[in-house]
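Commentary on secondary and tertiary structure
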Amino acid sequence: MMIKVTGLSFGYERNPVLSNIRMKLAKGEVASIVGPNGAGKTTLLKSMATIFPPKKGKIWLDGQDVRALKPEVLARKQAYVPQQASFYFPLTVMETVLLGRKPHMRWRVSSHDLHVVEQLLKRLKLEVFADRYMDELSGGERQKVLIARALAQEPEILLLDEPTSALDIRHQLEVLELIRGFARQANMLVVLVLHDLELAARYSDTIHLLYNGKIYASGSPEEVFVAGNMRHVYGVHMLIEPSRHGLKMTALESVQPGE
């Protein structure tokens, strides 16, 4: 077991966002958090990343409360990539990815640090941009750099908020294949927030479906993505068909959520 969420609740003043979230996430799996707008997906991921302190409940990492871990220890175990990030300093792609090695550095950049970064730039096909500044890149290119920076931490847990939102379909597939490969090869837990349900079904081992700040259903894509859940949570009559590459989902008509 890698992450266990027990009774997690979060809100802003009198506005509850998450209520009694319970999850179990294991090494080597890709888990997607899905749900309609406002369900609390990003808030849940930020809580797991210790950005938002829970009102109630805890998040355990290998039996330890994540909020009790020292920042430098947590940074070697867990990496987080937001949906959007601002760049205030004129850094090149190489320098940005190298920042991901900071939790492992002592006094200087080692040859191993450079090797890790160079290999990641190659695997994400970013080596051609190595000397470019971040503000010279497209949104999709910047997103791939942020993923490379997180992978440079060599984390046991990778938390990604909408990692494919700025990418075209070819790069979406490329990045998700790469992330799934890292999960398998490095025995890494990957947690994704995704809006594209077909991509979630194709690349995830487990799905956690949020509705009104609560876990409505958890399980394999085939267990969670069923017509009744789609109707109740998304307010859509959905035709769901198995295919060679996951599930094919066709929205037929809208209905009132919760029916």
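Residues numbered from 1 in each chain as written. Predicted model: local features only at pLDDT ≥ 70, side-chain atom pairs only at ≥ 80, totals over all residues. Heavy atoms only, no water.

The chain carries the name Iron ABC transporter ATP-binding protein in an unreviewed UniProt entry, which gives Paenibacillus rhizosphaerae as its organism.

The next point concerns the sheet that holds strand 1 (residues 3-12). Taking strand neighbours across the sheet as the criterion, the four strands line up as 2-1-4-5 in an open arrangement whose pairing is antiparallel. Only two strands of the sheet have a single partner each, and these edge strands are strand 2 (15-25) and strand 5 (64-65). Bridge count for strand 1 against strand 4 (residues 56-61) is five bridges, and the pairing is antiparallel. Paired with isoleucine 3 across the two strands is leucine 61, which belongs to strand 4. Taken strand by strand, helix 1 (residues 41-48) contacts strand 1, strand 2 and strand 4, and its axis lies near 60° from that of strand 2. (Pairing = 2+ DSSP bridges. Helix = DSSP H or I, 4+ residues; strand = E, 2+ residues; numbered from the N terminus. Contact = heavy atoms within 4.5 Å. Axes fitted to C-alpha atoms, helices over the stretch in contact; angles between N-to-C directions.)

Here aspartate 62, not a glycine, exhibits a phi torsion of approximately 50°, which is positive. One can find aspartate 62 in the loop between strand 4 and strand 5. Here aspartate 62 falls in the partly exposed class, since its relative accessible area comes to 39%. Its identity as a non-glycine residue notwithstanding, glutamate 162 has a phi of 50°, on the positive side. Relative to the assigned elements, glutamate 162 resides in the loop between strand 7 (157-161) and helix 6 (169-185). (Buried < 20%, exposed > 50% of the residue type's maximum accessible area, 1.4 Å probe, protein only.)

What follows is about the pattern of salt bridges. Opposite charge on two side chains permits them to pair, given that their charged atoms come into close proximity. Enumeration over the complete set of coordinates arrives at ten salt bridges. Lysine 144 serves as the salt-bridge partner of glutamate 174, at 3.0 Å between the closest nitrogen and oxygen. Of this pair, glutamate 174 sits in helix 6 while lysine 144 is found in helix 5 (residues 139-152), placing the two residues 30 residues apart along the sequence. Of the residues examined, glutamate 174 reaches a relative accessible area of 18% and is grouped as buried. Using a relative accessible area of 6% as the deciding quantity, one classes lysine 144 as buried. One salt bridge connects glutamate 174 with arginine 170, and the closest N-O pair in it is separated by 3.7 Å. Of this pair, glutamate 174 and arginine 170 both sit in helix 6, four residues apart, which is roughly one turn of the helix. Take arginine 170: its relative accessible area is 52%, and that puts it in the exposed class. Among the charged side chains, a salt-bridge network with shared partners connects Lys125, Lys144, Arg170 and Glu174. (Salt bridge = Lys/Arg side-chain N within 4 Å of Asp/Glu carboxyl O.)

Evaluation of the coordinates by the stated rule reveals four aromatic pairs. Where tyrosine 12 meets phenylalanine 52, the ring centres are 6.2 Å apart and the plane angle is 85°; that geometry is what we call edge-to-face. Residue tyrosine 12 is located in strand 1, and its partner phenylalanine 52 is located in the loop between helix 1 and strand 4; the two are separated by 40 residues in the primary sequence. A centroid spacing of 6.0 Å and a plane angle of 80° characterise the contact between tyrosine 211 and tyrosine 216, whose relative ring orientation is edge-to-face. Taking relative accessible area as the criterion, tyrosine 211 reaches 17% and is therefore assigned buried. Residue tyrosine 216 is classed as partly exposed on the basis of its relative accessible area, which comes to 35%. Among the aromatic residues, ring-to-ring pairing joins Phe10, Tyr12 and Phe52 into one connected group. When the ring centre of phenylalanine 182 is taken as origin, the NZ or CZ atom of arginine 123, which lies over that ring, is 4.3 Å away. (Phe/Tyr/Trp six-rings, centres within 6.5 Å; stacked < 30°, edge-to-face > 60°. Lys NZ or Arg CZ within 6 Å of the ring centre and 35° of its normal.)

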